[in-house]
Amino acid sequence: MGDSAYSFSLTTFSPQGKLMQIEHALNAVNKKGKTAIGIVANNGVVLATTKKLPRLVDAKNVHKVSKVTDGVGVVYAGLSPDYRVLLAPPPPPPPLSPNPISSPT
(Lines give C-alpha, C1' and ligand atoms only; values in the text may rest on other atoms or scores of the structure.)
Protein backbone atom coordinates (compact mmCIF):
# COMPACT_ATOMS: atom_id res chain seq x y z
CA MET A 1 0.00 0.00 0.00
CA GLY A 2 1.42 3.44 -0.95
CA ASP A 3 2.04 6.32 1.41
CA SER A 4 -0.96 8.19 -0.04
CA ALA A 5 -3.25 5.84 1.90
CA TYR A 6 -1.81 7.31 5.11
CA SER A 7 -1.96 11.00 4.18
CA PHE A 8 -5.60 11.61 5.10
CA SER A 9 -4.95 12.39 8.75
CA LEU A 10 -2.36 14.44 10.58
CA THR A 11 -1.95 11.78 13.26
CA THR A 12 -1.87 8.65 11.07
CA PHE A 13 1.60 7.15 10.69
CA SER A 14 2.67 5.29 7.55
CA PRO A 15 4.31 1.86 7.94
CA GLN A 16 7.69 3.65 7.64
CA GLY A 17 6.83 5.71 10.72
CA LYS A 18 6.24 9.00 8.88
CA LEU A 19 3.42 11.50 9.33
CA MET A 20 2.58 12.04 5.68
CA GLN A 21 0.69 15.32 6.17
CA ILE A 22 3.87 16.76 7.71
CA GLU A 23 5.96 15.38 4.85
CA HIS A 24 3.62 17.02 2.30
CA ALA A 25 3.78 20.35 4.15
CA LEU A 26 7.58 20.28 4.31
CA ASN A 27 7.80 19.45 0.61
CA ALA A 28 5.50 22.37 -0.24
CA VAL A 29 7.62 24.77 1.80
CA ASN A 30 10.91 23.47 0.42
CA LYS A 31 9.76 23.57 -3.20
CA LYS A 32 7.48 26.62 -3.24
CA GLY A 33 8.54 28.70 -0.24
CA LYS A 34 10.80 31.73 -0.53
CA THR A 35 13.21 33.22 1.97
CA ALA A 36 11.81 35.51 4.66
CA ILE A 37 13.76 37.23 7.41
CA GLY A 38 13.10 39.47 10.40
CA ILE A 39 15.81 41.72 11.84
CA VAL A 40 15.49 43.39 15.24
CA ALA A 41 17.11 46.82 15.59
CA ASN A 42 17.30 49.28 18.50
CA ASN A 43 14.43 51.34 17.12
CA GLY A 44 12.28 48.76 15.35
CA VAL A 45 12.08 45.61 13.27
CA VAL A 46 12.68 45.00 9.57
CA LEU A 47 10.70 42.25 7.80
CA ALA A 48 11.78 41.25 4.30
CA THR A 49 11.10 38.52 1.77
CA THR A 50 11.73 37.74 -1.88
CA LYS A 51 8.97 38.41 -4.37
CA LYS A 52 9.50 36.33 -7.50
CA LEU A 53 6.34 36.16 -9.58
CA PRO A 54 5.36 34.72 -12.94
CA ARG A 55 5.28 37.24 -15.82
CA LEU A 56 1.48 37.37 -15.97
CA VAL A 57 1.01 38.26 -12.29
CA ASP A 58 0.75 41.97 -11.45
CA ALA A 59 3.31 42.56 -8.67
CA LYS A 60 1.29 45.52 -7.32
CA ASN A 61 -1.43 43.09 -6.21
CA VAL A 62 0.85 40.70 -4.31
CA HIS A 63 1.75 41.68 -0.74
CA LYS A 64 4.06 39.42 1.23
CA VAL A 65 4.43 41.75 4.24
CA SER A 66 1.30 42.75 6.16
CA LYS A 67 0.36 44.76 9.21
CA VAL A 68 -1.70 42.73 11.68
CA THR A 69 -1.98 45.38 14.42
CA ASP A 70 -0.13 48.60 15.23
CA GLY A 71 2.58 46.58 16.98
CA VAL A 72 2.54 43.34 14.97
CA GLY A 73 3.52 42.63 11.38
CA VAL A 74 3.91 39.42 9.46
CA VAL A 75 5.85 38.25 6.43
CA TYR A 76 5.11 35.00 4.64
CA ALA A 77 7.35 32.80 2.57
CA GLY A 78 4.91 30.13 1.48
CA LEU A 79 1.83 29.89 -0.68
CA SER A 80 -0.50 32.90 -0.97
CA PRO A 81 -3.77 31.03 -0.30
CA ASP A 82 -2.42 29.68 3.01
CA TYR A 83 -1.27 33.15 4.01
CA ARG A 84 -4.63 34.75 3.20
CA VAL A 85 -6.49 32.16 5.27
CA LEU A 86 -4.21 32.67 8.28
CA LEU A 87 -4.62 36.46 8.17
CA ALA A 88 -8.34 36.54 7.37
CA PRO A 89 -10.47 38.28 9.98
CA PRO A 90 -12.52 35.89 12.10
CA PRO A 91 -16.12 35.31 11.00
CA PRO A 92 -18.79 37.28 12.85
CA PRO A 93 -20.51 35.49 15.74
CA PRO A 94 -23.83 33.85 14.93
CA PRO A 95 -26.91 35.98 15.59
CA LEU A 96 -28.73 35.52 18.85
CA SER A 97 -31.78 33.30 18.76
CA PRO A 98 -34.98 35.33 18.22
CA ASN A 99 -36.78 33.24 20.88
CA PRO A 100 -34.46 32.97 23.88
CA ILE A 101 -35.25 30.26 26.33
CA SER A 102 -36.94 31.82 29.34
CA SER A 103 -36.52 30.46 32.82
CA PRO A 104 -39.61 28.91 34.43
CA THR A 105 -41.41 31.11 36.95
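Residues numbered from 1 in each chain as written. Predicted model: local features only at pLDDT ≥ 70, side-chain atom pairs only at ≥ 80, totals over all residues. Heavy atoms only, no water.

### A few points about the overall build of the chain
Along its length, the chain carries 2 helices and 4 strands. Written out in order from the N terminus, the α and β elements of the chain read α-β-β-β-β-α. Burial status across the chain gives 10% buried among its 105 residues. Long-range contacts, defined as pairs at least 24 residues apart, comprise 19% of the intrachain contacts of the chain with a sequence gap of at least 6. (Helix = DSSP H or I, 4+ residues; strand = E, 2+ residues; numbered from the N terminus. Buried < 20%, exposed > 50% of the residue type's maximum accessible area, 1.4 Å probe, protein only. Contact = heavy atoms within 4.5 Å.)

### Observations regarding a nonpolar patch on the surface
Taken together, the side chains of V40, V45, L47 and V65 present a nonpolar region at the surface, about 360 Å² in accessible area. Positionally, V40 belongs in strand β1 (residues 36–41). (Patch = residues over 30% accessible without salt bridge, like charges linked within 9 Å, V, L, I, M, F, W, Y side chains within 5 Å. Areas by Shrake-Rupley, 256 points an atom, 1.4 Å probe, with all protein chains shown as cover. Salt bridge = Lys/Arg side-chain N within 4 Å of Asp/Glu carboxyl O.)

### A closer look at the pairing of strand β3 (residues 65–69)
Of the pairings in the sheet, the one linking β3 to strand β4 (residues 72–75) comprises 4 bridges and is antiparallel in character. Among the inter-strand pairings, V65 is bridged to a residue of β4, identified as V75. The turn linking β3 back onto β4 is made up of 2 residues. (Pairing = 2+ DSSP bridges.)

### Some words on the pairing of strand β2 (residues 44–49)
Pairing of β1 with β2 involves 6 bridges; the strand directions are antiparallel. From the neighbouring strand, A36 faces β2, where its bridge partner is T49. Here β1 folds back onto β2 in antiparallel fashion, the turn holding 2 residues.

### Things to note about the pattern of salt bridges
The tally for this structure, following the rule as stated, stands at 1 salt bridge. Salt-bridge contacts for D70 lead to K67; the nearest nitrogen and oxygen are separated by 3.0 Å. We note that D70, like K67, is exposed.

### Describing the confidence of the model for the chain
For the chain, mean pLDDT is 75; residues scoring 70 or higher make up 75% of the total. No element of the chain has a lower mean pLDDT than helix α1 (residues 20–32), at 73, and none a higher one than β1, at 84. (pLDDT = per-residue confidence, 0-100.)

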